[in-house]
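Observations on the model geometry
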Amino acid sequence: MRILVLSIRLFGILLAAPWPAASAREAGAEPPGDDATRLPNVIVFLADDMGMGDTSAYRDWTGNKEGEQLHTPHMERLAAMGVRFTDAHSPHSRCSTTRYALMTGRYCWRTRLKHWVLFGVHGDPLIPMDRPTIATFLRDAGYRTGMVGKWHLGLTYRKPDGTPAAGWDDADLTQPLADSPVDHGFDFFYGTSRSHGTSGPNGQQRNRPDQRIGPGWIHNRRVVGATGDGKKLDGSYVLDEMGPRLHQTALEFLRGANEAGDPFFLYFASPSNHTPHTPAKSIGGRTVAGAGKFVNGKPTGSRRLDYIFENDVQIGLLFDYLQLPDPRRPGRKLVDNTLFIFASDNGAESKAKTATGPLRSNKGSTFEGGHRVPFLASWPAGGVGDGNPETPGRTCTRLLGLNDLFATVAEIVGKPLPDPAKGEAGAEDSHSQLAAFRGAAFGPRPPLFPNDHNAASKKLSDKRAVVAVRSNAAPVPGEWKLFLDHRFAFKGELHPFALYDLAEDRMETTDRLGDPKAKPALEFLLKEARAAAGDDGRTR
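Residues numbered from 1 in each chain as written. Predicted model: local features only at pLDDT ≥ 70, side-chain atom pairs only at ≥ 80, totals over all residues. Heavy atoms only, no water.

Let us now look at the overall build of the chain. Within the chain, the secondary structure is distributed over 13 helices and 19 strands. Radius of gyration (C-alpha) of the chain: 22 Å, near the 24 Å computed for a compact globule of 540 residues. Of all 540 residues assigned to the chain, the portion counted as buried reaches 62%. Counted over contacts in the chain with a minimum sequence separation of 6, partners at least 24 positions apart contribute 72%. Of the roughly 19300 Å² of accessible surface on the chain, 51% is carried by carbon and sulfur atoms. For the chain, the distance from the average site of its 67 positive side-chain charges to the average site of its 62 negative ones is 3 Å. (Helix = DSSP H or I, 4+ residues; strand = E, 2+ residues; numbered from the N terminus. Rg over C-alpha atoms; globule rule 2.2 N^0.38 Å. Buried < 20%, exposed > 50% of the residue type's maximum accessible area, 1.4 Å probe, protein only. Contact = heavy atoms within 4.5 Å. Areas by Shrake-Rupley, 256 points an atom, 1.4 Å probe, with all protein chains shown as cover. Lys, Arg positive; Asp, Glu negative; His and termini not counted. Charge placed at Lys NZ, Arg CZ, Asp CG, Glu CD.)

Next up, the structure:
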C-alpha cells in the first residue's frame, strides 16, 4: 500500500475551525448545519496489546519483511480510506489506566491508580458516577451509546438484599450490578469485567460455587451466567467463542440504533490479543483460527497472530454492516458519515521486534514501545480521508493521545467541553485532533504525559511508577521526552532522571539530561510538568 506522507510541523498556526470548516469543504465534506441528521456515527475499535508491528498498515514504518508481517487487509483498508498517525500514543502502557483516560479525557495518574491495573474479581470502580465520560457526553448530544467487550474499570456487585456489596465474597451474582458501564454513559453493554482469561471460567473449568474468577458475560447490569448456586456460572463463558458473541451483540446494538434513526457511538473493546491467545474458529462466516497469513501469503502458524487477525476480521464485518443505507441520510451509506477509529490500549505484550517495531521495550513500559500505538481514522463526509480504499491514505506525524478523542468528538458535534477553569470536571487532558484528522494545518499539541513503569515489569513497587513528558514543541528542535520518577504521580514533585530526543534517537538509548545543548528543552518540559502536576491538575 502506497502512503502519502504529510509531515506538517508548523508552529503558531491555529487549529482548524469547527463546522463549517474550509478544509472540510475542500475535502468534499458536507457541513451539518443545525440538522441533527448530519451528526456522524462514531465507532472506536480498541484492540488489546497490539504493537506498531502487529498490523501491515504500518509495515513501511516498522520495516517488517513480507514473510514476518501479519497481513491485516481491513486495517490497511481503513488506513487507505482515511488517515494514519505515526506518533499516536496510549496515555498509559496498560489496560485499566488507558481505558480510564480514553473514557474520561483525563490521565489516570491523577486517580488512585498511579500505575498498573485494577486487580481482582471486584475492583472498586475507577470512574465516579458523576464524572463525565465520552459516552455520557455523546448521549447528552443525542447519540445512542453502546459498548461491547472489555471494560476493566471496576464493578460493584449487590448483596442478596439488593444493597451494594463490599466485594466478591458477599456478592449475589443474580442481583443486578450496582455499578457497571451503563452507569457511565452507555445505553447498551455486553462484555466482560476485565481481560477475557480472568473474567470467568472457560466453560466448566474451575466453575464451582466457591470459584473466584468471574463474573463471565455481563449484559447491561445482569450477570448472564449466574445460576444462584454460589458463584457457579452456567458454562456459557467460553474463551474461543467470545469473538462471535461480541460480533452479534455489536450488530444488535447497531441495528437498534439505526431502526430508531439515532446517531450511534459504538465502543468495541476487543479482548484480542491479550493472553491467553484464544482465536475463534470463525466469526460471521469468516475463518479466524488458522487463517492468519503473512503479507507474502504464507500461513503464520501462530495462535497469537491468529488472535490479532481476529481484530481484522471484526473490523471487516463492521465495514460490511456500514455498507447498508443510512436511515438518517437517504441515498447514502452508513460508512460515509461514520467516524471509524482503530487503536490499541498499549504496545505489544510480545518483546519480538516484529511486534514492537523500531521502539524500545513493550507493554507496561513508559519507553515508546509501551505506549506508541497504531491509530487509524476515517470519516469521508467529515473530510477525514476520501473514503476510497483504492487510493493512497494519508499519514500524519502530529503527536496524539487516546485521551484526545473526547475533545475531538466534542468539536465535531459542536458541543463545549466542561470548563476546568470554572471547576467543571471532564476532559481535563483532552485536545481536539480534528484539524489533523482532516489534513488541515495544525500547531503542536501540548505535551503528552504517558505513564506506567520505566521498563516493562511485573513487580508492583510504587517506586517503579514513572511519568514521561513528551513534546514536539520545545524551543530546541526535536521530539523530546523527559522521564520523571514516581514522586510526580504520587506527590506532584519533579525529579527527572532521563531525557531523550526521539527525532535523533527513537530507541531512547542516549540520555541528554546533562547535555547543555538540551537545557532549553529540559527547562520547557519541566515548566509544562509543573503546570500539569497534581490530582486536580489539567493540561487543557
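Okay, the sheet that holds strand S16 (residues 451-453) next. Across the sheet, four strands lie side by side as S16-S17-S18-S19; this open sheet has antiparallel pairing. Each of the sheet's edge strands pairs with one partner strand only, and the pair in question is S16 and strand S19 (496-501). Averaged over all adjacent pairs, the angle separating strand axes in this sheet is 25 degrees, with direction ignored. As paired elements, strand S18 (residues 480-484) and S19 share five bridges and run antiparallel to each other. Each bridged residue has a counterpart across the sheet, and for Trp-480 the counterpart in S19 is Asp-501. Its contacts with the sheet place helix H13 (residues 519-532) against strand S17 (465-471), S18 and S19, and it is angled at close to 55 degrees to S18. (Pairing = 2+ DSSP bridges. Axes fitted to C-alpha atoms, helices over the stretch in contact; angles between N-to-C directions.)

The biggest cluster of nonpolar side chains holds 64 residues, and the ones touching the most others in it are Phe-85, Met-103, Trp-151, Phe-265, Tyr-267, Phe-375 and Phe-437. Looking at this core element by element, the count peaks at six residues for helix H10 (residues 405-413). When near neighbours in sequence (up to four residues on either side) are disregarded, Phe-265 contacts Val-42, Val-44, Ile-134, Ala-135, Leu-138, Tyr-143, Arg-144, Thr-145, Gly-146, Phe-186 and Phe-253. (Core = buried A, V, L, I, M, F, W, Y, C linked by side-chain atoms within 4.5 Å.)

Before going further, it helps to spend a moment on the pattern of salt bridges. Any two side chains of opposite charge can pair if their charged atoms end up close together. One pass over the full model with this rule turns up 31 salt bridges. Close ionic contact of Asp-485 with Arg-487 constitutes a salt bridge, the shortest N to O distance being 2.6 Å. Salt bridges linked by common partners bring Asp-87, Glu-368, Arg-372, Arg-470, Glu-479, Lys-481 and Glu-508 together as one network. (Salt bridge = Lys/Arg side-chain N within 4 Å of Asp/Glu carboxyl O.)

Before going further, it helps to spend a moment on the environment of Asn-273. Tracing the backbone shows Asn-273 in the loop between strand S9 (264-269) and strand S10 (282-283). Classification of Asn-273 as buried rests on a relative accessible area of 0%. Residues Asn-273 and Gly-256, spaced 17 residues apart in sequence, show a C-alpha to C-alpha distance of 28 Å. With near-sequence residues (within four places) excluded, Asn-273 lies in contact with Asp-48, Asp-49, Met-50, Arg-304, Tyr-307, Ile-308, Asn-311 and Glu-349. A polar side-chain atom of Asn-273 sits 3.4 Å from a polar atom in the side chain of Glu-349. (Polar contact = N/O pair within 3.5 Å; in protein donor to acceptor, adjacent residues only side chain to side chain.)

One can find Thr-356 in helix H8 (residues 353-356). Engagement of the side chain of Thr-356 in a polar contact is seen with the side chain of Lys-353, the distance being 3.1 Å. Setting aside chain neighbours within four positions, we find Thr-356 in contact with Met-52, Gly-53, Ala-348, Ser-350, Lys-351, Ser-361 and Asn-362.

Turning our eyes to something else, we now look at the packing of aromatic side chains. Each aromatic ring pair is specified by the distance between its two centres and by the angle formed by the two planes. In total, this model carries 24 aromatic pairs according to the counting rule given. With a centroid separation of 5.5 Å and 85 degrees between ring planes, the pair formed by Phe-85 and Phe-375 is classed as edge-to-face. Residue Phe-85 is found in strand S3 (residues 83-85), and its partner Phe-375 is found in strand S13 (residues 375-378); the two are separated by 290 residues along the sequence. Phe-375 sits in the buried class, given a relative accessible area of 0%. Pairing Tyr-190 with Trp-217 gives two aromatic rings, centres 5.2 Å apart and planes at 40 degrees, and the pair type is tilted. (Phe/Tyr/Trp six-rings, centres within 6.5 Å; stacked < 30°, edge-to-face > 60°.)

Of note, Ser-457 is situated in the loop between S16 and S17. Each C-alpha atom, one on Ser-457 and one on Asn-362, is 9.9 Å from the other, the two residues being 95 residues apart in sequence. In contact with Ser-457, other than residues within four places in its own chain, are Arg-94, Trp-116 and Arg-464. For Ser-457, the side chain forms a polar contact with the side chain of Arg-464, separated by 3.2 Å.

Attention shifts here to helix H6 (residues 242-260). Compared with an ideal rise of 1.5 Å per residue, which puts 19 residues at 27 Å, H6 spans 27 Å between its outermost C-alpha atoms and is within 8% of the ideal. Inspection of H6 places Met-242, Gly-243, Leu-246, His-247, Thr-249, Ala-250, Leu-251, Phe-253, Leu-254, Ala-257 and Asn-258 among the buried residues, and these make up the whole buried set. Looking at the packing, one finds that the buried side of H6 touches strand S5 (144-150), strand S6 (188-192), S9, S10 and helix H7 (303-321). Two residues or fewer after H6 comes Gly-261, characterised by a positive phi angle close to 75 degrees. (Expected span 1.5 Å × (residues − 1).)

With that out of the way, let us pick up the packing of helix H3 (residues 73-81) against H7. At a minimum axis distance of 7 Å, the contact between H3 and H7 shows a crossing angle of 55 degrees. For the element pair H3 / H7, the angle class is oblique. Along its contact with H3, which presents Pro-73, His-74, Met-75, Arg-77, Leu-78 and Met-81, the element H7 presents Asn-311, Asp-312, Ile-315, Gly-316 and Phe-319. Here the residues of the contact of H3 with H7 sort into six nonpolar, three polar and two charged. (Parallel < 35°, antiparallel > 145°, perpendicular 65-115°, else oblique. Nonpolar A, V, L, I, M, F, W, Y, C, P; charged D, E, K, R; others polar.)

Turning our attention to the pairing of strand S14 (residues 393-396). What you see with S14 is no split at all: Gly-393 and Thr-395 on one side and Arg-394 and Cys-396 on the other are buried throughout. Looking at chain direction, S3 and S14 are connected through three bridges and run parallel. Bridge pairing in S14 places Arg-84 opposite Thr-395.

The subject of this paragraph is the pairing of strand S2 (residues 41-47). Among the seven residues of S2, seven are classified as buried, and the element is accordingly described as predominantly covered. Across the two faces of S2 the burial is the same, with Asn-41, Ile-43, Phe-45 and Ala-47 and Val-42, Val-44 and Leu-46 all buried. As judged from the seven bridges shared by S2 and strand S12 (residues 338-344), these two strands associate in the parallel manner. Each residue of the ladder has a partner; that of Ile-43, found in S12, is Phe-340. Where S2 meets S9, five bridges bridge the pair, whose relative direction is parallel. Counterpart to Val-44 in the pairing with S9 is Tyr-267.

So, on to H10. Most of H10 sits inside the fold, with nine of its nine residues counted as buried. Every buried residue of H10 is listed here: Leu-405, Phe-406, Ala-407, Thr-408, Val-409, Ala-410, Glu-411, Ile-412 and Val-413. Trailing H10 by a residue or two, Gly-414 shows a phi angle of about 70 degrees, which is positive.

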